Amino acid sequence: MNVTAPSRTISAAQAVEHFDVLIVGAGISGIGSAYQLTKQLPDTTFVVLEEQETFGGTWWTHKYPGIRSDSDLHTFGYSFKPWVGPPIATADEIRAYMGEVIDENDLARHIRYRHRINSAKWSSETNLWTVESVDKDSGETRTFTANFLWMCQGYYRHSEGYTPEWQGTADFKGRIVHPQRWPEDIDLTGKQVVVIGSGATAATLIPNIANQCEHVTMLQRSPTYFRTGRNAIELAEELRRLQVKEEWIHEIVRRKILFEQDLFTRRSFTEPEKVKQELLGGIRAALGPGNEEIVEKHFTPSYRPWRQRIAFVPDADLFEAVKSGKASVVTDEIDRFTKDGILLKSGETLKADIIITATGFNLNVLGDIAFEIDGKPLDFADTVTYRGVMFTGVPNMAWVFGYFRASWTLRTDLVADFVCRLLGHMKKKGVRKVVPALRPQEGNMPLQAWIDPENFNPGYMMRNMHLLPKRGDKPEWQHSQDYWAEKDQFPAIDLDDPAFVYN
């Protein structure tokens, strides 16, 4: 890679700014990647383009009551900055932490907010990406060129959540709200509320609105797994009492959590029934005696643990709301909406003043950006992924797509180290282009969907799998969910492997 200072080349229409690296997104991945770039390749020029008015990604766009992480911040936080608060953190706490990273490392000067990227075009003549964005404040088009594109925009569409089509929604006299577009003027006081869904969003919302509503009902098609526990880590508390440095505490607690997560994940495959009973045991303990029927009907999934993400419920607050009678659970399917609520397929009617559709995300494949390679539109479904980071036939681009069974940010760190090493390797070799390619012996390699649905199958993935790149039958041509293997594999990647074609 050629390292050059930011420059402006005046064209007939507008100024074009050039950077070595263009990072898309100022969420948890984008800020972490920008930090690593400044530390590992300090002479590299870069810009971060963010569509929202500030940093934070999910932790800025989601404003529903109680919004919090469902991963512990010792591993969801960055490896380089100690987390000193409770392991499950609110959106405001996470954004404050990210703000400290930005301030402490002078990253703000690299970030351009309210820039919506419309297109990204690669030219093999110039070995550059040309990125066109719209400044949402002025409405003007901004053009950037970059040697390398680093996609940190996340995996779902921030502008709207996923809402299934139900019959009769126009008949409902009350209000229908998706948590991803939470209105400021909504008043739940004294209302009958139905929350459709039983994932992490529903599990967060319900205990945070239960005392405000007349009653809140969680309506689910089928049960979900949950983990319960204190929102505290005894080891961290003990080490702080001993006045151990926060940097040491962060690393020790992080390693402990990762060890326990690895063990739990492996056990969910090797002894799924035992893990299932342990999870259900936590719910039984939270609900107390006499609630076995509730556990059996509403909290006992039919699938093995970890085929979908398991939400952590701090201090069992969801189950405390159910136990108190302020919240209840109904497991059934929707027949149609009525003017007063929801008619279920069982024939039961749920009365509602407000219906909250905690029904998931719309998968966003690389930011809904129109990509072109040498004038030809790029369909990512026609490519094969290299370790879930790069794509065959797509030059000078990396994508951060984190873990489902471990904290997202763990993969952000691994990918950042890999990208920085790759950029340094390109500079050393004196090349300007790198593109992954199947090796000659892999020409007939069977290709399959991005993720094996038998391994992991959340709805947002299943609905949009056809939009994602393919995977092969070898580890380097797959997006692994195994952090505990990848933490050793990524640093060992041979950058002179024939899978990397340089020019």
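Here goes a summary of the coordinates provided. For clarity, every value in this text was computed on a predicted model and none was experimentally measured.

Criteria and cut-off values
- Residues numbered from 1 in each chain as written.
- Predicted model: local features only at pLDDT ≥ 70, side-chain atom pairs only at ≥ 80, totals over all residues.
- Heavy atoms only, no water.
- Helix = DSSP H or I, 4+ residues; strand = E, 2+ residues; numbered from the N terminus.
- Rg over C-alpha atoms; globule rule 2.2 N^0.38 Å.
- Buried < 20%, exposed > 50% of the residue type's maximum accessible area, 1.4 Å probe, protein only.
- Areas by Shrake-Rupley, 256 points an atom, 1.4 Å probe, with all protein chains shown as cover.
- Lys, Arg positive; Asp, Glu negative; His and termini not counted.
- Charge placed at Lys NZ, Arg CZ, Asp CG, Glu CD.
- Core = buried A, V, L, I, M, F, W, Y, C linked by side-chain atoms within 4.5 Å.
- Contact = heavy atoms within 4.5 Å.
- Pairing = 2+ DSSP bridges.
- Axes fitted to C-alpha atoms, helices over the stretch in contact; angles between N-to-C directions.
- Polar contact = N/O pair within 3.5 Å; in protein donor to acceptor, adjacent residues only side chain to side chain.
- Salt bridge = Lys/Arg side-chain N within 4 Å of Asp/Glu carboxyl O.
- Expected span 1.5 Å × (residues − 1).
- Right-handed = clockwise from strand over helix to strand, strands pointing away.

Each helix and strand counted, the protein chain has 13 helices and 24 strands in total. Relative to a compact globule of 503 residues, whose C-alpha radius of gyration would be 23 Å, the protein chain shows 24 Å and is just as compact. Within the protein chain, the proportion of its 503 residues that are buried is 55%. For the protein chain, the accessible surface area stands at approximately 21700 Å², while carbon and sulfur atoms represent 48% of it. Across the protein chain, 58 positive and 67 negative side-chain charges occur, with their mean positions spaced 1 Å apart.

In this section: the nonpolar core. If you look at the biggest cluster of nonpolar residues, it comprises 132 residues, and the most contacted ones within it are Leu22, Leu149, Trp150, Phe319, Phe371, Met397 and Phe418. If one sorts the elements of this core by residue count, helix α11 (residues 408-429) sits on top with 11 residues. The contacts of Phe319, once residues within four sequence positions are left out, are Phe226, Thr228, Ile283, Ala286, Leu287, Phe299 and Val313. Among the nonpolar cores identified, the runner-up in size contains 13 residues, and Leu219, Ile334, Leu344 and Leu350 belong to it.

Reading across the sheet, the five strands line up as β8-β17-β9-β10-β13 and stay open at both edges, with parallel pairing between neighbours. Whereas interior strands pair on both sides, the edge strands pair on one side only; in this sheet they are β8 (175-177) and β13 (327-331). Along the sheet, successive strands turn relative to each other by an average axial angle of 20 degrees, direction set aside. Judged from the four bridges that link them, strand β9 (residues 192-196) and strand β17 (residues 354-357) form a sheet pairing that is parallel. Directly across from Ile196, in β17, lies its bridge partner Thr357. Sheet strands in contact with helix α5 (residues 200-209) are β9, β10 (215-220), β13 and β17, and its direction is about 165 degrees off that of β10.

Let us now look at the side chain of Arg471. Position of Arg471 among the secondary structure elements: in the loop between α12 (459-464) and α13 (483-489). Classification of Arg471 as buried rests on a relative accessible area of 11%. At a separation of 2.3 Å, a polar atom in the side chain of Arg471 contacts the main-chain carbonyl oxygen of Ala449. Beyond its immediate stretch of four places on either side in the chain, Arg471 contacts Val384, Thr385, Pro446, Leu447, Gln448, Ala449, Trp450, Ile451, Asp452, Trp477 and Gln478.

Looking now at the pattern of salt bridges. What the rule picks out here adds up to 35 salt bridges. For Asp70, the salt bridge is made with Arg309, and the minimal N-O distance between the two is 3.0 Å. Here Asp70 is found in the loop between α2 (58-61) and α3 (73-76), whereas its partner Arg309 is found in the loop between α9 (292-298) and β12 (311-314), with 239 residues between them in sequence. We classify Asp70 as partly exposed; its relative accessible area is 24%. The closest approach of N and O atoms between Arg267 and Glu271, which form a salt bridge, is 2.4 Å. Classification of Arg267 by relative accessible area gives buried; the value is 17%. A relative accessible area of 28% means that Glu271 is categorised as partly exposed. Taken together, the shared-partner salt bridges connect Arg439, Glu442, Lys474, Glu476 and Asp497 into one network.

The subject of this paragraph is unusual backbone geometry. Even without being glycine, Gln243 reaches a positive phi, approximately 60 degrees. Note on placement: Gln243 falls in the loop between α6 (234-241) and α7 (246-270). Of the residues examined, Gln243 reaches a relative accessible area of 73% and is grouped as exposed. One non-glycine residue with positive phi stands out, namely Arg387, at about 55 degrees. Structurally, Arg387 can be placed in the loop between β20 (385-386) and β21 (390-391).

Once that is clear, we can look at α7. Over its 25 residues, α7 extends 36 Å from the first C-alpha to the last, a length consistent with the 36 Å expected when each residue adds 1.5 Å. Listed as buried for α7 are Ile249, His250, Val253, Arg254, Ile257, Leu258, Gln261, Asp262, Phe264, Thr265, Arg267 and Ser268. Buried-residue contacts for α7 involve α3, β11 (226-229), α6, α8 (272-287), α11 and α13.

A separate point is the pairing of strand β3 (residues 46-49). Across the two faces of β3 the burial is the same, with Phe46 and Val48 and Val47 and Leu49 all buried. In this structure, strand β2 (residues 15-24) lies alongside β3, joined through four bridges in parallel fashion. Its bridge partner lying in β3, Val21 is registered against Phe46. Following the chain from β2 across helix α1 (residues 28-40) to the adjacent parallel β3, one finds a crossover that is right-handed. The sheet contact formed by β3 and strand β4 (residues 111-112) spans two bridges and is parallel. The residue of β4 that forms the bridge with Leu49 is Arg112.

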